[in-house]
Amino acid sequence: MSTPEKYILQLSGMAGSGKSSITEKLSNDFGFEVITVSRLLGDFANMCGMSLNSRNDYRGFHARLIAENNDPNIVARIICDSPKKRICVDGMRVPANAHFIRKFGQGVVSDVVWLDSPSLEVRHERCRDRLGTKQEMKSQSLAEFVADELPEVFTFDPAEPNLYRMFLMADYILPAGTEDEMYEKLIDFLNNKGHIPV
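Here goes a summary of the coordinates provided. Position numbers for residues start from 1 in each chain and track the written sequence from start to end. Whole-chain, interface and lining totals are the exception, using all residues; otherwise, since this is a predicted model, local features are given only for residues with pLDDT of at least 70 and side-chain atom pairs are given and counted only at 80 or more. To get the side-chain values, all heavy atoms of the structure are used, and hydrogens and water are removed first.

### Considering the packing of helix 2 (residues 37-47) against helix 3 (residues 55-69)
Working convention: axes come from line fits to C-alpha atoms, limited for helices to the stretch in contact. Angles between N-to-C directions cover 0 to 180 degrees. Here a helix means four or more residues in a row that DSSP labels H or I, a strand means two or more in a row labelled E, and each is numbered from the N terminus. Where helix 2 meets helix 3, the axes come as close as 10 Å, and the angle between the chain directions of the two elements is 65°. One element, helix 2, and the other, helix 3, form an angle in the roughly perpendicular class. For the crossing formed where helix 2 meets helix 3, the hand is left-handed. Here Ser38, Leu41, Gly42, Phe44 and Ala45 of helix 2 come into contact with helix 3, specifically with Tyr58, Phe61, His62 and Leu65. Considering only residue class, the contact of helix 2 with helix 3 consists of six nonpolar, three polar and no charged. Our angle categories are set so that under 35 degrees counts as roughly parallel, over 145 as roughly antiparallel, 65 to 115 as roughly perpendicular, and the remainder as oblique. Left-handed describes a crossing whose near helix is turned anticlockwise from the far helix by less than a right angle; the clockwise case is right-handed. Two residues qualify as a contact provided that any one of their heavy atoms is within 4.5 Å of a heavy atom in the partner residue. Three residue categories are used. Nonpolar comprises Ala, Val, Leu, Ile, Met, Phe, Trp, Tyr, Cys and Pro, charged comprises Asp, Glu, Lys and Arg, and polar comprises the others, including Gly.

### Examining the pairing of strand 4 (residues 108-115)
Think of it in three bands: residues with accessible area under 20% of the maximum for their type are buried, residues over 50% are exposed, and the middle band is partly exposed, with areas taken using a 1.4 Å probe on protein chains only. Burial runs high along strand 4: seven of the eight residues are buried. Each pair of strands is called paired provided DSSP finds at least two bridges between the two strands. Where strand 1 (residues 6-13) and strand 4 come together, eight bridges link them in parallel fashion. Across the sheet, the residue bridging to Gln10 is Val112, located in strand 4.

### Here we look at the sheet that holds strand 4
Strand order in this open sheet of five strands is 2-3-1-4-5, and the pairing throughout is parallel. A single partner strand is all that each edge strand has here, and the edge strands are strand 2 (33-36) and strand 5 (172-174). The average angle at which neighbouring strand axes cross in this sheet is 25°, direction not considered. As judged from the four bridges shared by strand 2 and strand 3 (residues 86-90), these two strands associate in the parallel manner. Bridging across to strand 3, Val34 finds its partner in Cys88. Set on the sheet, helix 2 makes contact with strand 2 and strand 3; between it and strand 2 the angle comes to about 65°.

### Considering a nonpolar patch on the surface
Only residues whose relative accessible area exceeds 30% and that take part in no salt bridge are eligible for patches, with like-charged residues grouped when within 9 Å of each other and nonpolar side chains (Val, Leu, Ile, Met, Phe, Trp, Tyr) grouped when within 5 Å. Here, Shrake-Rupley sampling with a 1.4 Å probe gives the accessible areas, and only protein chains in the shown set may cover a residue. Each salt bridge in this description consists of a side-chain nitrogen of Lys or Arg and a carboxyl oxygen of Asp or Glu lying within 4 Å of one another. A contiguous nonpolar patch, built from Phe154, Phe156, Tyr164, Phe167, Leu168 and Ile173 and spanning about 620 Å² of accessible area, is present on the exposed surface. Per-element tally for the nonpolar patch: the top contributor is helix 9 (residues 163-169), with three residues. Examined against the element boundaries, Tyr164 turns out to sit in helix 9. Owing to a relative accessible area of 42%, Tyr164 belongs among the partly exposed residues under this scheme.

Quick look at the structure:
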């Protein structure tokens, strides 16, 4: 199997499903550049003098970024333009962006991997405990966590977050398990596809 010029692994899943832990391991073990979509949006917001404190803030800023640049694929374009040869996208939630990366061409090969979720309570706890989580998100009750997440589960607009559609687009569904179990299964998938050294 020939090696692509650039490989982009798009990880998607519900908040707290383990995406950040897996991307960190891929970076440490195989040199993947990690691009976290929320961090990318947050950096752009900071340049505009804004602070994003909730998922609703991130969704709103993403829509603004699209409108101001007249480019529904601006986030995907930034990811594809990275000079790195092996990239892991942490938190791909927008089907139009995932599709754009898949069809980018120019030597880019991409897979979408959906991380199956542990229980709602486990995901909520993980998000509250995660370093770097905004204080407003850390203090969310379980009901607030669900209400904040609900708008991202399904929409008819392909340029908006749509986790249901991302699940349907997945090339591989990584079963829920411990972080180590999930990571081992992902490594098997990447080995079988020829995207990491054996």
